[in-house]
Amino acid sequence: MRSADIGVIKGLSKKIDKAVLLEIFKRICKIKYFEQGVIDAGKDSFLTYQVYLSSGQESIPAAVSMAIPEFMIFAQHRCHGTYLAWGGYPEKLRDELLGLPTGVSGGKAGSNCLQCFDNGIKMFGHHGLIGENVPLGVGAALGSGKPVVCFFGDGAAEEDYVFSAMGFAVTHKLPVLFICEDNNLSILTKVKERRSWSVAKVAGALGMPAFEFSDDPWTIYSKTRELKTSLPAYLNIFTCRQYWHVGCGVDGPPEWDRFSIVKDELSKLGYKKEIEETENNMKKAMGRVWDQKQLQKLLKK
Ligand SMILES: Cc1ncc(C[n+]2csc(CCOP(=O)(O)OP(=O)(O)O)c2C)c(N)n1
């Protein structure tokens, strides 16, 4: 049974530096409020196609990017959060979504194929086949000897080439962290209707450390840091996407609301004032990025 607490290490937030906790929260807010702007721009007809939203899953890129900022990233189609968490410019992502040459990938990648070699980010994006980034990432680790993180969904994890690439990484002891952002859905079909087996168990049987837990950012941050030196490794992180597979419709409330859980926890630690300030500042900053007059100017409307 999925829940917000699976495998979560209790009390970790008390052991992590305040600056790290607040920076992770800031990155979560950056993704959340950027995407609020995306939704509003769609409603106001500035964005005329459907995009893949990361909302609800923000804690994963926010925490992983803090633990392994230097890794090469092989991203999946749901990748706004990955780019933004690693320090991507919201204005460049906005321009990308608007199809402008000033976009992060020259306006040619759209929402789901972001590529970025700018501002210290080494991000290779999706090209159309779910899970393809896993063999590509493994190949990059083999060729360069540099550490790689591959993100993919629970649907992509079922592709045969994902397992063969994981097995290859184990055999050759390649520095790859495999992260499954397990939102339980492949478009609309739940994991239990698709398979009876666990990806983490298969990854473990291939011979690498493999863990499953829910998207508590402090557990993600600590586990990622811990595994950095024992790669390859696999993390299956249970999370909830807030909106449809593509577009901004909803099918009801998410199974849990990680954003509220994180805010409550940080408030209990005595950081209520700081997080309110961070959230308000981020709301305002992303409001400026998606300001209607600005959009009219950019699109010459
Ligand atoms: C090889 C392949 N099969 C099917 C598709 C069609 N498709 C696009 S996204 C998707 C679902 C992906 O689900 P998941 O990997 O769990 O990621 P999520 O969208 O939930 O983040 C599918 C089946 C595809 N793009 N590539």
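Everything quoted here is computed from the prediction, not taken from an experiment. (Residues numbered from 1 in each chain as written. Predicted model: local features only at pLDDT ≥ 70, side-chain atom pairs only at ≥ 80, totals over all residues. Heavy atoms only, no water.)

Chemist: For this particular structure, what's the right way to read the overall build of the protein?
Modeler: Along the protein, the regular secondary structure elements total 12 helices and 9 strands. Against the 2.2 N^0.38 benchmark of 19 Å for 301 residues, the protein shows a C-alpha radius of gyration of 18 Å, consistent with a compact globule. Here the C-alpha coordinates of the protein stretch approximately 55 × 45 × 40 Å along the principal axes. Put simply, the protein has 301 residues, and 55% of those count as buried. The contacts of the protein with a sequence gap of at least 6 include a subset with a gap of at least 24, amounting to 75%. (Helix = DSSP H or I, 4+ residues; strand = E, 2+ residues; numbered from the N terminus. Rg over C-alpha atoms; globule rule 2.2 N^0.38 Å. Buried < 20%, exposed > 50% of the residue type's maximum accessible area, 1.4 Å probe, protein only. Contact = heavy atoms within 4.5 Å.)

Chemist: What should I look at first to understand the sheet that holds strand β8 (residues 210-214) in this one?
Modeler: Where strands meet in a sheet, backbone hydrogen bonds hold them as pairs that are either parallel or antiparallel. Pairing is mixed across the open sheet formed by 7 strands, whose spatial order is β2-β3-β1-β4-β5-β9-β8. Of all strands in the sheet, those bounded by a partner on one side alone are β2 (116-118) and β8. The average undirected angle you get between the axes of adjacent strands in this sheet is 20°. Bridging between strand β1 (residues 72-74) and strand β3 (residues 121-124) involves 2 bridges; their strand directions are parallel. Its bridge partner lying in β3, F74 is registered against F124. Where helix α9 (residues 217-227) meets the sheet, its contacts fall on β5 (176-182), β8 and β9 (233-238), and the angle it forms with β8 comes to roughly 165°. (Pairing = 2+ DSSP bridges. Axes fitted to C-alpha atoms, helices over the stretch in contact; angles between N-to-C directions.)

Chemist: Can you help me understand the layout of surface pockets in this one?
Modeler: Taking a probe equal in size to a water molecule and rolling it over the atoms shows the remaining empty space. Of the voids in this model, the largest pocket is the one considered here, and its volume is about 770 Å³. Lining the largest pocket we find 32 residues, and of these R2, N183, N184, K190 and E255 sit closest to its centre. Those elements that place two or more of their residues in the lining of the largest pocket are α7 (191-194) and β9. Considered class by class, the residues forming the lining of the largest pocket number 15 nonpolar, 8 polar and 9 charged. (1 Å grid on protein atoms, 1.4 Å probe; cavity = no way out; pocket = protein on both sides within 12 Å on 5 of 7 lines; lining within 4 Å. Points joined across faces, edges and corners; volume = space filled by probe spheres on them. Nonpolar A, V, L, I, M, F, W, Y, C, P; charged D, E, K, R; others polar.)

Chemist: What is the right way to read empty space enclosed by the protein from this model?
Modeler: Following the criterion strictly, the structure yields 2 cavities of 30 Å³ or more and no others. Volume-wise, the largest cavity comes out at about 40 Å³. Lining the largest cavity are S54, Q57, E58, P61, R78, G81, T82 and E181. Along the lines of polarity and charge, the residues of the lining of the largest cavity split into 1 nonpolar, 4 polar and 3 charged. Each pocket or cavity is described by its volume, and for the second largest cavity that value is around 30 Å³. Across the lining of the second largest cavity, the residue classes break down as 2 nonpolar, 2 polar and 2 charged.

Chemist: Whenever I open this one, the packing of aromatic side chains confuses me. Can you help?
Modeler: The geometry of an aromatic ring pair comes down to the distance between the two centres and the angle between the two planes. Taken as a whole and assessed by the stated rule, the structure comprises 7 aromatic pairs. When the centroid spacing of 4.9 Å and the interplanar angle of 70° are considered together, the rings of F117 and F124 count as edge-to-face. Three or more aromatic residues joined by ring pairs form one cluster here, namely F74, F117 and F124. Over the ring of F259 we find K32; its NZ or CZ atom is 4.6 Å from the centre of that ring. Note that R195 overlies the ring of W197, its terminal NZ or CZ placed 5.0 Å from the centroid. (Phe/Tyr/Trp six-rings, centres within 6.5 Å; stacked < 30°, edge-to-face > 60°. Lys NZ or Arg CZ within 6 Å of the ring centre and 35° of its normal.)

Chemist: Please explain helix α1 (residues 18-43) as it appears in this structure.
Modeler: Turn by turn, an α-helix covers 3.6 residues, leaving residues three or four places apart pointing in a common direction. When the terminal C-alpha atoms of α1 are compared, their 37 Å separation across 26 residues agrees well with the 38 Å that a helix rising 1.5 Å per residue should span. Following α1 by one or two positions, S45 adopts a phi angle in the positive range, close to 65°. (Expected span 1.5 Å × (residues − 1).)

Chemist: Can you walk me through the site of the ligand in this structure?
Modeler: In the vicinity of the ligand, 17 residues are found, and the nearest of them are H77, R78, G128, G155 and A156. The side chain of R78 places a nitrogen or oxygen atom 2.8 Å from an oxygen atom of the ligand. Backbone polar atom of A156 to an oxygen atom of the ligand: 2.8 Å apart, as the coordinates give it. Grouping the amino acids of the shell around the ligand by side-chain chemistry returns 6 nonpolar, 8 polar and 3 charged. (Near = heavy atom within 4 Å. Polar contact = N/O pair within 3.5 Å; in protein donor to acceptor, adjacent residues only side chain to side chain.)

Chemist: I keep staring at the pairing of β9 and nothing clicks. Help me out?
Modeler: Across a regular strand the side chains alternate sides, sitting on one face of the sheet and then on the other. Among the 6 residues in β9, 6 count as buried, and that is most of the element. Summarising the sheet, β8 and β9 pair through 5 bridges and their orientation is parallel. Bridge pairing links A210 to Y234 in β9.

Keep in mind that these numbers describe shape and distance, not what the molecule does.
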